[in-house]
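Understanding the architecture of this molecule
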Amino acid sequence: VRLRWWFLVEWAPFMLIMWAWWTRNRSVQYDLVNFHIAYPNCTRISLLRRMIRLPFVITEHWTAYHRDFGATSQGVERIRNIFHQGVPVIAVSKALAQDIILFAGPPGPVVHVVDNVVDPAIFHPDPAIKATEGVFFAIAGWRLLKRPDVLLESLSQMRQMGWPARLRMAGTGPKMDDMRQQITKLGLGRHVDLLGPLDELAVADEIRSAHALLHASDYETYSVVTAEALCCGTPVIAAAVGAIPELVGPGMGRLPRTNEPAEWTATWASAWHALLLVDRQTISNTMMKRASIKSVGIRYAALLTDEIRKNNSRKTG
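So, here is what we can say about the structure in this document. (Residues numbered from 1 in each chain as written. Predicted model: local features only at pLDDT ≥ 70, side-chain atom pairs only at ≥ 80, totals over all residues. Heavy atoms only, no water.)

1. Topic: helix 4 (residues 74-82)
Quick reminder: α-helices carry 3.6 residues per turn. Residues three or four places apart thus point the same way. Looking only at helix 4, the buried set comprises Gly-75, Val-76, Ile-79, Arg-80 and Ile-82. Each buried residue of helix 4 sits inside an arc of 150° when the element is viewed along its axis, so together they form one side. In this structure, the buried side of helix 4 is in contact with helix 3 (45-52), strand 2 (56-60) and helix 5 (94-104). (Buried < 20%, exposed > 50% of the residue type's maximum accessible area, 1.4 Å probe, protein only. Helix = DSSP H or I, 4+ residues; strand = E, 2+ residues; numbered from the N terminus. Arc of directions from axis to C-beta. Contact = heavy atoms within 4.5 Å.)

See below:
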């Protein structure tokens, strides 16, 4: 069983990549290979480079590097070796770039940062939709790292302090049963709406009509939902972890320093009135400059073009 698993992880991706390369349309000129996710695609990256003979780039957005892949086996060293081959990396945040550099160890890779994409056709301000005071929105795959317990406990404290807060929660996941039990235990049944899965259009409408987006998590490599909210012009209260502080700048929301409910409650209460007075169009414009399809496309294309140029220079030089 171990041998079969080792073969699947170590060699099957290599064989699939080589099959795709051998059966490619040979009438088309290829200038670069861009791997999305290093592991397991690049486990045999040295051999791939010798056989394909094109410049490589790795685009990465996994949270796993923050936790050293949660493993201590020899296989982790083979993952580290991927980043010792001189292949540049494009990461979605400075936090992820630092995670990859620390995980890899010296000699670390060159890492560029380009945001995830947010579709401005869906996530944008709508002057016809007014924010509803006291109605807050949260959405996630409610699983490991996400902290709905913090949101619910803080909501309970806000209600006890007299703040008329209501929380609408979209998404599903393994933590749903615990969430329902906590809602019952805290007596929040009339103040929490569990919306289940929503499509993007419905999510955008929820965000636009919210007082603010709430996002509690133990770590975030990027947090697309935070970027989506900001593109809609909606301010955010989010845990100051991972890439979140890179997204939520001054005037765009508040960042509790920890995931302690008491700190969340203090931040939430102190920001209540200010969040209603923010300039939502300015928030949207700021985030769109970073995360819109056009902005990301221009920066991404420039990095890939530069790698092709450098490879061509090496050939002619």
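2. Remarks on the nonpolar core
Where a protein is soluble and globular, its nonpolar side chains tend to be buried together. One finds Ile-52, Ile-58, Phe-83, Phe-123, Leu-151, Leu-167 and Trp-268 to be the most contacted residues of the largest nonpolar core, which totals 89 residues. Those residues within four positions of Leu-167 in sequence are excluded, and the remaining contacts are Phe-136, Phe-137, Ala-138, Leu-151, Leu-152, Leu-155, His-191, Val-192, Asp-193 and Leu-214. Among the nonpolar cores identified, the runner-up in size contains eight residues, and Leu-32, Val-57, Leu-303 and Leu-304 belong to it. (Core = buried A, V, L, I, M, F, W, Y, C linked by side-chain atoms within 4.5 Å.)

3. Focus on the side chain of Glu-220
With respect to the helices, strands and loops of the structure, Glu-220 is situated in the loop between strand 8 (213-215) and helix 9 (224-232). At 3.0 Å, the side chain of Glu-220 forms a polar contact with the side chain of Lys-146. Within the structure, the side chain of Glu-220 is placed 2.9 Å from the side chain of His-215, a separation counted as a polar contact. Apart from the residues lying within four places of it in its own chain, the contact partners of Glu-220 are Lys-146, His-215, Val-241, Gly-242, Ala-243 and Ile-244. (Polar contact = N/O pair within 3.5 Å; in protein donor to acceptor, adjacent residues only side chain to side chain.)

4. Re the packing of aromatic side chains
Using the criterion set out here, one finds eight aromatic pairs in the structure. Between Trp-21 and Tyr-30, the aromatic rings sit 6.1 Å apart at their centres with planes inclined by 65°, giving edge-to-face as the arrangement. Residue Trp-21 is classed as buried on the basis of its relative accessible area of 15%. With relative accessibility at 36%, the residue Tyr-30 sits in the partly exposed group. With a centroid separation of 5.4 Å and 70° between ring planes, the pair formed by Tyr-65 and Phe-103 is classed as edge-to-face. A residue pair is termed long-range when its members are at least 10 positions apart, and Tyr-65 in the loop between strand 2 and helix 4 and Phe-103 in helix 5 qualify at 38 residues. Across the pair, Phe-103 and Tyr-65 agree in class, each one buried. Here the aromatic cluster, defined as three or more aromatic residues joined through ring pairs, consists of Phe-136, Trp-163, Trp-268 and Trp-272. When the ring centre of Trp-21 is taken as origin, the NZ or CZ atom of Arg-24, which lies over that ring, is 3.7 Å away. (Phe/Tyr/Trp six-rings, centres within 6.5 Å; stacked < 30°, edge-to-face > 60°. Lys NZ or Arg CZ within 6 Å of the ring centre and 35° of its normal.)

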